[in-house]
Amino acid sequence: MEGRGAARGEVGLAAVNLSTPGLILCQFSDSPTYPRTLTKLLALNPCEVIFPSTSTSAFMSASTGVKLYDDIITNLSGARVLPVMRSYFNEKKGLLAIRQVMVAEISSVELQFHNKYYCLAAANALLRYLEYTHNHGFNRKSLKVDYQVAEQATVIDPATAEHIELMCSLGQRKSKLSLFGVLNHCSTPGGVRLLRCGLFQPPVDQALIVARQEAVAELGASHHLYADLRAMVARFPPLDSIMSLCIKRPESHISLGQVDAKIDQMVGLRQVFLLLPSLCRLLQEARDSALLKAQAATLARHLGTSGLLLEMLNLVIREEATVGRSTNSNMKFSRAMAVKPDVNGL
């Protein structure tokens, strides 16, 4: 959402990934060519973008009549850009909606955005759009809200990213001879998203850069630690779908396909809890990297809670149930046998 009149150039963004428990907010002043806004959107790589509109013509025409939104349509060819009635962009309702879904442990972050009109208005429109259009609501106190400041990252405009072959090669379109293609050895979809975001918006915080360099140096020097961590991460099931189980508001009526998906998610969640202690022990082997030590300490603080949740899952899920790729018939059989007998008389 962009300001009008004297506030033109002030842009507020709100973004959410339906499969991860996080809401991103940011608000900044941009130039008339909107390099910061376009760079941020390219880093987020959204599949849908909504913008406020008061005229019915914007719902029917290819051009919105606003330079920012027309530039978004031009530069984000893979995203659906949709107009939404401006009445949904409401700052007060946005702040109330964020308070309802924000995790209580990080409630202090509200001080950073409580007076940011445009990003709060965008957040309200986004949450209402997801609820009314995608039938996707979030549980109370389930989202991590992250207010990101544009000054903490480098700005690479879309034209420069194309010329330096940041994401795509100037040769063959499907060639991996780009910076992203050369560096992409990620084992998880989350790693791919983080790499993409880091390339489009490299950090300028020296402490963060040094911490990452120390982690890379330690993993490069300790081959067994690197190999063990890579093997351990590969054993984790897809975390995106599992986290959606924890943050999405349950529906009153679900199909058989959704039942199968929820069983897979529950089995995957149990597998995550089983692997967390081993991952924590591996990270605790780090000697020099403060970043790896911090991750190990964070996991260690939550091992007690994860152990308790694992015991609760073991009351319902069989111990031998696993998530894996198999044939359709085998998957149906494994889902049917995943739940212990006599758990529910129905």
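As a starting point, this report considers the structure included with it. Because the structure is predicted, anything quoted here is derived from the model rather than measured. (Residues numbered from 1 in each chain as written. Predicted model: local features only at pLDDT ≥ 70, side-chain atom pairs only at ≥ 80, totals over all residues. Heavy atoms only, no water.)

Attention shifts here to the pattern of salt bridges. Inspection of the entire model under this criterion finds four salt bridges. Across the salt bridge formed by Glu 48 and Arg 80, the nearest N and O atoms sit 3.3 Å from each other. One end of the pair, Glu 48, is in strand β3 (residues 48-53); the other, Arg 80, is in strand β4 (residues 80-85), and 32 residues separate them in sequence. Residue classification places Glu 48 among the partly exposed positions, given a relative accessible area of 23%. Between Asp 71 and Lys 67 there is a salt bridge, with its nearest N and O atoms 2.6 Å apart. A residue pair is termed a helical-turn pair when its members lie 3 or 4 positions apart in one helix, as Asp 71 and Lys 67 do in helix α2 (residues 67-75) at four residues. (Salt bridge = Lys/Arg side-chain N within 4 Å of Asp/Glu carboxyl O. Helix = DSSP H or I, 4+ residues; strand = E, 2+ residues; numbered from the N terminus. Buried < 20%, exposed > 50% of the residue type's maximum accessible area, 1.4 Å probe, protein only.)

Buried together is how nonpolar side chains tend to be arranged in soluble globular proteins. Residues Ile 72 and Phe 200 are the most contacted members of the largest nonpolar core, which totals 25 residues. Excluding its chain neighbours within four sequence positions, the residues that come into contact with Phe 200 are Thr 39, Leu 42, Ala 43, Thr 154, Ile 156, Ala 161, Leu 166 and Met 167. Within the second largest apolar cluster, 20 residues are counted, among which are Ala 97, Leu 126, Leu 130 and Tyr 147. (Core = buried A, V, L, I, M, F, W, Y, C linked by side-chain atoms within 4.5 Å. Contact = heavy atoms within 4.5 Å.)

Let's shift gears to the pairing of strand β2 (residues 22-29). For β2, a buried count of six out of eight residues is recorded, marking the element as mostly surrounded by other parts of the structure. Here seven bridges tie strand β1 (residues 10-16) to β2, and the two strands are oriented antiparallel to one another. Across the sheet, Val 16 pairs through a bridge with Leu 23, a residue of β2. Where β2 lies against strand β5 (residues 144-147), four bridges are found, and the strand directions are parallel. Bridge pairing in β5 places Leu 25 opposite Tyr 147. (Pairing = 2+ DSSP bridges.)

Before going further, it helps to spend a moment on the packing of helix α10 (residues 223-235) against helix α12 (residues 256-283). Between α10 and α12, the least distance of the axes is 10 Å, while the angle of their chain directions is 170°. Here α12 runs roughly antiparallel to α10, going by the angle between their axes. Residues Leu 225, Asp 228, Leu 229, Met 232 and Arg 235 of α10 form the contact with α12, whose own contacting residues are Gln 271, Leu 275, Ser 278, Leu 279, Leu 282 and Leu 283. Of the residues belonging to the contact of α10 with α12, the class tally is seven nonpolar, two polar and two charged. (Axes fitted to C-alpha atoms, helices over the stretch in contact; angles between N-to-C directions. Parallel < 35°, antiparallel > 145°, perpendicular 65-115°, else oblique. Nonpolar A, V, L, I, M, F, W, Y, C, P; charged D, E, K, R; others polar.)

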